[in-house]
Amino acid sequence: MFIHYLELAWRSARSSKGLSALMVLALALGIGACMTTLTVYHVLSGDPIPAKSARLFNVQLDARDMIGYEPGAEPVLDLSRFDATALLRDKKGLRQSMSSGFNTAVSLPDAQVKPIFSFTRYTSADFFAMFDAPWAQGGGWSAADDEAEARVAVISSALSEKLFGGASAVGREIIVRGQPLRVVGVLRPWKLQPHFYDLTTGSYADTEDLFLPFSTAMALKMGHWGNMSCWGRGSNGGSAMDLKASCAWIQYWVELAKPEDAPAYRDYLTRYFEAQRSAGRFERPTNLRLRNVMEWLDAQEVLPPDVRLQTWLAFGFLAVCIVNMVGLLLAKTLRRSGEIGVRRALGASRRHIFAQFIVEAGALGLVGAGLGLLLAEGGLWLVRQSPNEYARLAQLDALMLGITLAIAIGASLLAGLLPAWRAALVTPALQLKVQ
């Protein structure tokens, strides 16, 4: 029977090409606009590390002086080196990492490859396990390497290909700031979007190509990219010790065994804050934040407000298209009242008539989905031409393809309910008398 209904749908479309084309176009326009904005929303609002986002927490401590103090104001984004080192040393979490970003040249000892400027992250040993780094070769360094300022490094597969071609990179040496570093691991292509563990270098920045121990980076006198907030003597270019204590520029994350451990860890941070205030380092009343990954992204408004608004507007436009489709389907149904009356007189039940028109609406939805996908691809291409940092991520994936198909068919079936119900109510006797 379903095949028969499809055949009737094809005949109906051929007999009223204009109306059918208008319905398909209306639905396709709605689907194209809706899926363009929904795909961008999906890319920007997704959980970058769903397996453990509820257990990873960003730490903020308001270590500034009293200048410009406002009760309850948001603390600075990062920690000072002094505080990050102290928290790391206490090891109150399952894992913890302190890190910062830089850009530096990487070359080979034999100088056969020109120096390659690489986005760099210097961090502590737990970083890779915390953020589920995927290994192609080798692994990370140890906590002992952190303390020993070990001359080791982890590189991305892209950087490994540029430096060593297809050969294994583990155990090889690279030159960074004039010093040889031994490669201990190579990462497979790794995309964490948004770049949540350091939003100061760009919310949708690429994952770094070079990683090395934090202590090693300090020994090599590496600089810093990203946000830096200074106060007191640190804001006036004080000594190295002042800078270490009076400038916040280090991202600090902790992994807890379970989300329910967060209150206990917050209590530990409160005790640490109060101890530092008693020692005279912190001047402000206790003010800290402990947020998991999704809370952190929400607090930093990584999802632009205009994207959310555009998504709602697109769904509103789709609703208008569905209403138009309902009107066109009703007009088409009224034109076929005689045909419906004959079918009812020949024994077709109201249920059969209703099913026939629902199948016709679904078939139009399937065609509209195909055209809508093409329009969505065009819309996403236009988004990728924009200067926004997230623009390059606007790509349809398998999930969004499935959602497109589901929305298109669902919308067409929804639009077909009223016309199908109206068709099922056609009285055969009246239609036969009129004919």
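All values reported here derive from a predicted model rather than from experimental measurement.

Peer 1: I'd like a description of the pattern of salt bridges, backed by residues and values.
Peer 2: Applying the stated criterion to the full structure yields 12 salt bridges. Across the pair R289 and E74 runs a salt bridge whose closest N-O atoms are separated by 3.5 Å. You can see R289 sitting in strand 12 (residues 288-292) and its partner E74 sitting in the loop between strand 1 (56-61) and strand 2 (79-80), a full 215 residues away along the chain. Residue classification places E74 among the partly exposed positions, given a relative accessible area of 36%.

Peer 1: If you had to explain the packing of helix 2 (residues 17-45) against helix 13 (residues 350-384) to someone new, which residues and values would you point to?
Peer 2: Remark: helix 2 packs on helix 13, axes separated minimally by 6 Å, with the N-to-C direction vectors making an angle of 45 degrees. Here helix 2 is positioned oblique relative to helix 13, judged by the angle of their axes. Between helix 2 and helix 13 the crossing geometry is right-handed. Residue classes in the contact of helix 2 with helix 13 are distributed as 16 nonpolar, 8 polar and no charged.

Peer 1: Summarise the packing of aromatic side chains; cite the residues concerned and give the values.
Peer 2: Across all of its chains, the model carries 20 aromatic pairs by this definition. Summarising the aromatic geometry, the rings of F196 and Y197 are spaced 5.9 Å apart at their centres and angled 80 degrees between planes, so their arrangement reads as edge-to-face. Comparing F196 with Y197 shows no difference in burial state: the two are buried. Site record: aromatic cluster; members linked through ring pairs are F127, F128, F131, W135, W141, W190, F196, Y197, F211, W253 and W296.

Peer 1: Summarise the layout of surface pockets; cite the residues concerned and give the values.
Peer 2: Quantified by volume, the largest pocket comes out at close to 490 Å³. Together, 17 residues line the largest pocket, and L88, S124, A143, D146 and E147 are the ones closest to its centre. Of all the secondary-structure elements, those providing two or more residues to the lining of the largest pocket are helix 3 (81-90), strand 3 (95-107), helix 5 (143-147) and helix 7 (214-219). Considering each element in turn, the lining of the largest pocket owes the most residues, 4 residues, to helix 3. When grouped by side-chain class, the residues that make up the lining of the largest pocket number 5 nonpolar, 5 polar and 7 charged.

Peer 1: Go over helix 6 (residues 157-164) with me, naming the residues and quoting the values.
Peer 2: Listed in full, the buried residues belonging to helix 6 are L159, S160, L163 and F164. Along helix 6, the residues classed as buried sweep out an arc of 100 degrees about the axis, all on the same side. Residues of helix 6 that are exposed and angled more than 90 degrees away from the buried face: E161 and K162. In this structure, the buried side of helix 6 is in contact with strand 3, strand 4 (116-123), strand 6 (152-156), strand 7 (173-176), strand 8 (179-187) and strand 9 (210-213).

Peer 1: Could you give me a rundown of empty space enclosed by the protein, with the residues and numbers involved?
Peer 2: Following the criterion strictly, the structure yields 1 cavity of 30 Å³ or more and no others. Here the largest cavity defines a volume of roughly 70 Å³. In terms of lining, the largest cavity is formed by 10 residues, of which the most central are L329, K332, T333, F357 and E360. Residue assignment for the lining of the largest cavity shows that the elements contributing at least two residues are helix 11 (305-335), helix 13 and helix 14 (398-424). Ranked by residues supplied to the lining of the largest cavity, first place goes to helix 13 with 4 residues. Split by residue class, the lining of the largest cavity holds 5 nonpolar, 2 polar and 3 charged.

Peer 1: Break down the state of the cysteines for me, with residues and values.
Peer 2: A full pass over the atoms with the stated rule returns 1 disulfide. C321 provides the cysteine sulfur closest to C34, a residue in no disulfide bond, and the two sulfurs are 9.8 Å apart. Accessibility expressed as a relative area gives 0% for C34, which makes it buried.

Calculation criteria
Residues numbered from 1 in each chain as written. Predicted model: local features only at pLDDT ≥ 70, side-chain atom pairs only at ≥ 80, totals over all residues. Heavy atoms only, no water. Salt bridge = Lys/Arg side-chain N within 4 Å of Asp/Glu carboxyl O. Helix = DSSP H or I, 4+ residues; strand = E, 2+ residues; numbered from the N terminus. Buried < 20%, exposed > 50% of the residue type's maximum accessible area, 1.4 Å probe, protein only. Axes fitted to C-alpha atoms, helices over the stretch in contact; angles between N-to-C directions. Parallel < 35°, antiparallel > 145°, perpendicular 65-115°, else oblique. Left-handed = near helix turned anticlockwise from the far one by under 90°. Nonpolar A, V, L, I, M, F, W, Y, C, P; charged D, E, K, R; others polar. Phe/Tyr/Trp six-rings, centres within 6.5 Å; stacked < 30°, edge-to-face > 60°. 1 Å grid on protein atoms, 1.4 Å probe; cavity = no way out; pocket = protein on both sides within 12 Å on 5 of 7 lines; lining within 4 Å. Points joined across faces, edges and corners; volume = space filled by probe spheres on them. Arc of directions from axis to C-beta. Contact = heavy atoms within 4.5 Å. Disulfide = S-S within 2.5 Å.

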